[in-house]
Amino acid sequence: MVLKAPQDSSIIPTQWYNIIPDLPENLPPPILPNGQVAGPEILEEIFPRELVRQEVSSERYIKIPDEILQNYAQAGRPTPLIRARNLEIALKTSARIFFKYEGVLPAGSHKFNTAVAQAYYNMREGVDRLCTETGAGQWGSALSLAGSLFGIKIRVYMVRASYNQKPLRRILMETYGAEVHPSPSSLTRVGRKYLEENPNHPGSLGIAISEAIEDVLSSNGTAKYSLGSVLNHVLLHQTVIGMEALKQLESIGIGVEEVSHVVGCVGGGSNFAGLSYPFIQYKLSGRANTVFIAVEPKAVPSMTMGEYKYDYGDSAGLTPMLKMHTLGHDYVPPPIHAGGLRYHGVAPTLSVLVKNGIVNPIAYSQREVFEAGVLFARTQGIVPAPESAHAVKAVIDIARRYTKGYEKPVILFNLSGHGLLDLAGYSEYLNGRLQDT
Ligand SMILES: *Cc1c(COP(=O)(O)O)cnc(C)c1O
C-alpha cells in the first residue's frame, strides 16, 4: 500500500503579499473627521506598533515569523485545494471548478489566519487583553483560540441578535477561554446609550466595534483592539490562502494564466482578498487575464449600491474614517443568516480595485444562495457557511455558461468556512420559511 504524503508544510508561504505597492492608484489614507491624515501615532492608541507598521507598509512582501508559521501548520495549513468534480457533473459543465477549503481550520473559517498573527504581535508587545466585536461568531471564536495560544485575555462584544440566536458560537468562544458580552452591553457608554433607546436592541457590527474601541480607550493602555476584516494588515495575513493555491495549482500543472475566474464572498473583504490578491498581482502586471468576482448579499449591497467615500468603520464614529464603498456607518443591515457579510463598508484596497474595474462585484438574494449551498452539500459533502454559499452561487452561474467540451476554464473559489454551526438557516430554507431578502 502506498501511503499518501503527509500534509506538506513546505507549501505554506513564508511571506505575506502586500498589494498596496501594486495598486493602480495610491491608496487614500485613513483620516480624522477634521480631514487630517490619521497617522501611525493615532492608530497605535488601539493597535500594537507592528500591526500599524504593516497597516501602512509599502513593502511588497512581509516575512511571516516562525511562531506564526508553526501555528499555521498546527491548525492544518496548507488547507486543501479540492476539485469539485461532483459539482461539475451535476452542473453538466466543462469548466474545472477548484476550491480552497478554509473550513478545516479549528474555528471553522479563514479568520484564524489573521487571528493568530494579531494575537502573536500583541503578545510580543506585552498586551494583556484584546477587545473585539463579532457578528455570527466566526471572528470571535478564531480570536478566542488565538488568545489562548498566546496567553492573552479576549473580551468579545457579540451582536445581541446573534448572541441570542447562536448560543453554540458563544459556547465555542467560552470553551477557548474568552469572555463574551451581548452588544449593546451595559459595560460601555455607547452600549448604555443604545440600550436606553431600546432595551431589546438587536445590535449591529458597527455598534459592537464602537463598544470594543471605547473599552480599549478607557483601559489605560492595558488593552488593545483587534479587527477581523477590512484593514490592510488583516487582508495581508489572509494572503497565505492565495499563495498556497498558486503553488497547489502549479503542482498539478495549472499555471496562473490558465485560471479564468477567481471568486469569493465579501463581508469586509478579507477572505476574498486572501485568495485573490496573489492572483490579482499577475493581472496587474499583465501576466494573466483572470476575471475576479466579489459576491455580496443583496441585503447589504456595499460594493454594488454603496458610495465610494470616506466613512467611519463603526456606528458611533470612534474610528478614523476610511475611503471605501459604504452604505453609511449608521446602516443597520437586515438580519440575514450570513452574519459575517452584514457590514456597511468594505476594505479600502478592495474598493480601489472595484473602482478600477479589476474586481467585479455581484449581489445575490438569500434564497438562491441557500439553494446553491444545498446543491454543494449534496454533491461535495461540505455544508458551506451561509457567507461562503454566496461564492458557491456565483461559481455555479459562471460554470453553467460552459457546456462545450472543448472549453475547460479553471474557476477557483474560496470556501471560506463550513456551515455546521449555521444549520438553523439551512433548516429554514428546507422548510420553505427562509425570507428572501
Ligand atoms: C467573516 C466571514 C466572512 C466575511 O468576512 P470577510 O472579511 O469578507 O472574509 C466570510 N466567510 C466566513 C466563513 C466568515 O467567517
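Here is what the cut-offs are and how they apply
- Starting from 1, residues in each chain are numbered consecutively following that chain's sequence as written.
- Given that this is a predicted model, residues contribute local features only at a pLDDT of at least 70 and side-chain atom pairs are listed and counted only at 80 or more, while totals for whole chains, interfaces and linings are drawn from all residues.
- Values shown for side chains rest on all heavy atoms present in the structure; no hydrogens or waters enter the calculation.
- UniProt positions are given in the numbering used here, feature names are shortened, and annotations may be inferred rather than shown by experiment.
- Only DSSP runs of H or I covering at least 4 residues are called helices, and only runs of E covering at least 2 are called strands; the numbering of each starts at the N terminus.
- A 1.4 Å probe rolled over the protein chains alone gives each residue an accessible area, and that area as a share of the maximum for its type sets the label: buried under 20%, exposed over 50%, partly exposed in between.
- We call two residues contacting when some pair of their heavy atoms lies within 4.5 Å.
- Here the expected length of a helix is defined as 1.5 Å per residue gap, with one fewer gap than residues.
- Summary of the distance rule: residues count as near a molecule or strand when at least one heavy atom falls within 4 Å of that molecule or strand.
- Polar contacts, as used here, are pairs of N or O atoms within 3.5 Å; protein pairs need one atom able to donate a hydrogen and one able to accept it. Residues neighboring in sequence count only if both atoms are side-chain atoms.
- The Shrake-Rupley method, run with a 1.4 Å probe sphere, supplies the accessible areas, and residue values consider only the shown protein chains as cover.
- In this analysis, strands are considered paired if DSSP registers two or more bridges between them.
- Throughout, an axis means a line fitted to C-alpha atoms (over the contacting stretch in the case of helices), and angles, computed between N-to-C directions, take values from 0 to 180 degrees.

Draft legend 1. Seen up close, the UniProt feature "modified residue: N6-(pyridoxal phosphate)lysine" (unreviewed entry) in the chain. Within this structure's numbering, the places UniProt gives as "modified residue: N6-(pyridoxal phosphate)lysine" (unreviewed entry) are Lys111. Within the secondary structure, lysine 111 sits in the loop between β4 (96-101) and α5 (112-124). Among the residues examined, lysine 111 registers a relative accessible area of 14% and is labelled buried.

Draft legend 2. Layout of the UniProt feature "domain: Tryptophan synthase beta chain-like PALP" (unreviewed entry) in the chain. When the UniProt feature table is mapped to this numbering, "domain: Tryptophan synthase beta chain-like PALP" (unreviewed entry) covers residues 74-416. Between the C-alpha atoms that bound residues 74-416 the distance is 19 Å, and the span itself is 43% helix and 20% strand.

Draft legend 3. Main features of the environment of valine 392. Residue placement: valine 392 occurs in helix α17 (residues 386-399). Since its relative accessible area comes to 1%, valine 392 is described here as buried. As a C-alpha pair, valine 392 and valine 259 span 133 residues in sequence and 17 Å in three-dimensional space. Apart from residues no more than four positions distant in its own chain, valine 392 is found in contact with Ala372, Phe376, Pro384, Phe413 and Leu415.

Draft legend 4. α5, seen in detail. Relative to the 18 Å expected for 13 residues at 1.5 Å per residue, α5 spans 18 Å between its end C-alpha atoms, a close match to the ideal helical length. Where burial is concerned, most of α5 is hidden: eleven out of the 13 residues are buried. When we look at burial in α5, the residues that qualify are Phe112, Asn113, Thr114, Ala115, Val116, Ala117, Gln118, Ala119, Tyr120, Tyr121 and Asn122. Following α5 by one or two positions, glycine 126 adopts a phi angle in the positive range, close to 75°.

Draft legend 5. Looking closely at the site of the ligand. Every one of the 19 residues lining the ligand counts as a neighbour, but Lys111, Ser229, Gly267, Ser270 and Asn271 are closest to it. In the model, an oxygen atom of the ligand is placed 3.4 Å from a nitrogen or oxygen of the glutamine 138 side chain. A distance of 2.7 Å separates an oxygen atom of the ligand from a polar side-chain atom of serine 270. The protein chains hide 97% of the 380 Å² of surface that the ligand would expose on its own. Those elements giving two or more residues to the shell around the ligand turn out to be α13 (270-284) and α17.

Draft legend 6. Spatial organisation of unusual backbone geometry. With an omega dihedral of -5°, the bond running from arginine 77 to proline 78 counts as a cis peptide bond. Secondary-structure assignment places proline 78 in the loop between α3 (66-74) and β3 (81-83). Omega for the peptide link from serine 183 to proline 184 comes to 5°, which places this bond in the cis form. Relative to the helices and strands, proline 184 is located in the loop between β7 (179-183) and α9 (189-197). Phi angles above zero are rare outside glycine, and lysine 92 is one such case at about 55°. Mapped onto the secondary structure, lysine 92 falls in the loop between α4 (85-91) and β4. Unlike most non-glycine residues, asparagine 220 shows phi in positive territory, near 55°.

Draft legend 7. Focus on the sheet that holds strand β6 (residues 153-159). On the basis of which strands lie adjacent, the open sheet formed by four strands has the order β7-β6-β5-β8 and parallel pairing. Taken across any chain shown, the strands that pair with only one partner, and hence form the sheet edges, are β7 and β8 (223-225). Ignoring which end each strand starts from, the neighbouring axes of this sheet average 25° apart. Looking at chain direction, strand β5 (residues 129-134) and β6 are connected through six bridges and run parallel. For leucine 130, the partnering residue across the bridge sits in β6 and is isoleucine 154. Running at roughly 165° to β5, helix α6 (residues 138-150) makes contact with β5 and β6 of the sheet. Across the sheet, helix α8 (residues 167-175) touches β5, β6 and β7, and the angle it forms with β6 is around 170°.

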